[in-house]
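# Tertiary structure, described
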Amino acid sequence: MRYQILMDSCGDLSEEMKERGEIVSVPLRIRIGKEEINDDESLDSRELLKKIQAEPGMVGSSCPSPSQYVKCRDKEAERIYVLTGSSVLTGSYMSGRLAAEIMREEAEKEGHKQHICVVDSKSASAGQTLLAMKIIQWEKEGKSFQDIRKLLKHTVQNMETRFVLENLDMLERNGRLVGLKAKLAEALRICPILKANGEGGISQCGKARGIKKALSLLQKQVMKEVSAGITGPVVISHCHCPERAFFLKIAIHEKFPDIAVRIVPTRGIASMYAGKGGIVVAYAGAV
């Protein structure tokens, strides 16, 4: 049965996922001062980070319009999953919902019905990657559309997304940090461990002095969760620091060799907020 995943560019994609015909990335726009950049395959995240560092003014992003989602619709697909970044952090979810209504109307005019599910990941980056991998798995297993919708809802509710960043400036500049000052943390060499709080926002779940200790603490937190029943896969996104991602992957595999661990590079939006050296980890329990 033919299906399609429309995922906004808040989510990261492995090379294998990029090659899949079922997955289409719908780009956000990144604003750096007066310049606007499409978060698509032409974007160079290293150059992006240099521009952000040099820009003293506004840096932000804008969500895809409903028409961008509609334009990407596979007219032959029986099932379409619109997978967006957290509705608390981006307008992509509402844009996706409006697009879904238009897509349903277009399909009806064409004389057939498309089942469309719009998913607020309440996460981003590795969290969206994990959900996309789950959809692919469930579709391969031949599950019904209604069953996959229920599984997605359960997975979103039970998914953990944790991350460690060396630079908190972008989160602070865009009002994403609550109760934590980036400059003070930097001055004290404090690296917080942050997480999606279940409602789509960000909260702190630990801290350490220095990036190495923070990564070690993140590793302990993930290992504890895996011990408690995580079945995999575990997705690790990294912003130009593959060695840190492999450090975590090896640690998981040494104790839990049967757990699948996937490493993916961050795309433009996740790179913008994570900064060079950022690590994002996502995982969920059995459903």
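Our structure's up above, just so we're on the same page.
Small disclaimer: the values here were computed from a predicted structure and weren't measured. (Residues numbered from 1 in each chain as written. Predicted model: local features only at pLDDT ≥ 70, side-chain atom pairs only at ≥ 80, totals over all residues. Heavy atoms only, no water.)

### Description of the overall build of the protein
The number of helices and strands found in the protein is 11 helices and 13 strands. Whereas a compact globule of 287 residues would reach a radius of gyration of roughly 19 Å, the protein reaches 19 Å, a difference of no more than 12%. A principal-axis box enclosing the C-alpha atoms of the protein has dimensions of 65 × 50 × 30 Å. Split into buried and exposed, the 287 residues of the protein put 53% on the buried side. Contacts in the protein between residues at least 24 apart in sequence constitute 75% of all its contacts with a sequence separation of at least 6. (Helix = DSSP H or I, 4+ residues; strand = E, 2+ residues; numbered from the N terminus. Rg over C-alpha atoms; globule rule 2.2 N^0.38 Å. Buried < 20%, exposed > 50% of the residue type's maximum accessible area, 1.4 Å probe, protein only. Contact = heavy atoms within 4.5 Å.)

### Overview of the nonpolar core
Counting 37 residues, the largest nonpolar core has Ile 5, Tyr 81, Leu 83 and Leu 152 as the members making the most contacts within it. When contributions to this core are tallied by element, the ones reaching two or more residues are β1 (3-8), β6 (79-84), β7 (115-120), α5 (126-140), α6 (145-158) and β13 (279-283). Top element by residues in this core is α5. It accounts for eight residues. Apart from residues no more than four positions distant in its own chain, Leu 83 is found in contact with Ile 5, Leu 6, Met 7, Asp 8, Val 119, Ser 121, Gln 128, Leu 131 and Ala 132. In terms of nonpolar packing, the next biggest core, distinct from the first, is built from 24 residues, Leu 218, Ile 230, Val 234 and Leu 248 among them. (Core = buried A, V, L, I, M, F, W, Y, C linked by side-chain atoms within 4.5 Å.)

### Remarks on the sheet that holds β7
Ordered in space as β2-β1-β6-β7, the four strands form an open sheet in which the pairing is parallel. Each edge of the sheet is formed by a strand with only one pairing partner; in this case those strands are β2 (23-26) and β7. The mean inter-strand angle of the sheet, taken between neighbouring strand axes irrespective of direction, is 20 degrees. Sheet topology note: the β1/β6 ladder contains five bridges and is parallel. Residue Tyr 3 lies in a different strand from β6, and its bridge partner there is Arg 79. (Pairing = 2+ DSSP bridges. Axes fitted to C-alpha atoms, helices over the stretch in contact; angles between N-to-C directions.)

### Remarks on the sheet that holds strand β3 (residues 29-32)
A sheet is described by the order of its strands in space; here three strands give the open sequence β4-β3-β5, paired in antiparallel fashion. At either end of the open sheet lies a strand with only one pairing partner, and these are β4 (35-38) and β5 (59-62). Sheet twist, expressed as the average angle between the axes of neighbouring strands with direction ignored, equals 25 degrees. As paired elements, β3 and β4 share four bridges and run antiparallel to each other. From the neighbouring strand, Arg 31 faces β4, where its bridge partner is Glu 36. Packed on one face of the sheet, helix α2 (residues 45-54) meets β3, β4 and β5 and runs near 35 degrees to β3.

### A word on the packing of helix α9 (residues 211-227) against helix α10 (residues 242-255)
In contact at an axis separation of 10 Å, α9 and α10 are set at 35 degrees when each is read in the N-to-C sense. For α9 against α10, the interelement crossing comes out right-handed. On α10, the residues touching Ile 211, Leu 215, Gln 219, Val 222, Met 223 and Ser 227 of α9 are Arg 244, Phe 247, Leu 248, Ala 251, Ile 252 and Lys 255. Residue classes in the contact of α9 with α10 are distributed as eight nonpolar, two polar and two charged. (Left-handed = near helix turned anticlockwise from the far one by under 90°. Nonpolar A, V, L, I, M, F, W, Y, C, P; charged D, E, K, R; others polar.)

### A word on α2
All buried positions along α2 are accounted for by Ser 45, Leu 48, Leu 49 and Ile 52. One side of α2 carries all its buried residues, which in axial view fall inside an arc of 95 degrees. Seen from the buried face of α2, the exposed residues on the opposite side, beyond 90 degrees, are Lys 50 and Ala 54. Capping of α2 at its N-terminal end is provided by Asp 44; its side-chain oxygen lies 2.9 Å from the backbone amide nitrogen of Arg 46. (Arc of directions from axis to C-beta. Polar contact = N/O pair within 3.5 Å; in protein donor to acceptor, adjacent residues only side chain to side chain.)

### Comments concerning the packing of aromatic side chains
For the structure shown, the criterion picks out one aromatic pair. Judged by centre distance (5.7 Å) and plane angle (40 degrees), the ring pair of Tyr 81 and Phe 145 falls under tilted. Pair noted here: Tyr 81 is in strand β6 and Phe 145 is in helix α6, with a separation of 64 residues, a long-range link. Side by side, Tyr 81 and Phe 145 carry an identical accessibility label, which is buried. (Phe/Tyr/Trp six-rings, centres within 6.5 Å; stacked < 30°, edge-to-face > 60°.)

### Let's talk about the packing of α5 against α6
At their nearest, the axes of α5 and α6 sit 11 Å apart, and the two run at 150 degrees to each other. As summarised for this structure, α5 and α6 are arranged roughly antiparallel, according to the angle between their axes. As for how α5 packs across α6, the hand of that crossing is right-handed. Of α6, the residues touching α5 (which contributes Leu 131, Ile 135, Trp 138 and Glu 139) are Ile 148, Leu 151, Leu 152, Thr 155 and Val 156. Split by residue class, the contact of α5 with α6 holds seven nonpolar, one polar and one charged. (Parallel < 35°, antiparallel > 145°, perpendicular 65-115°, else oblique.)

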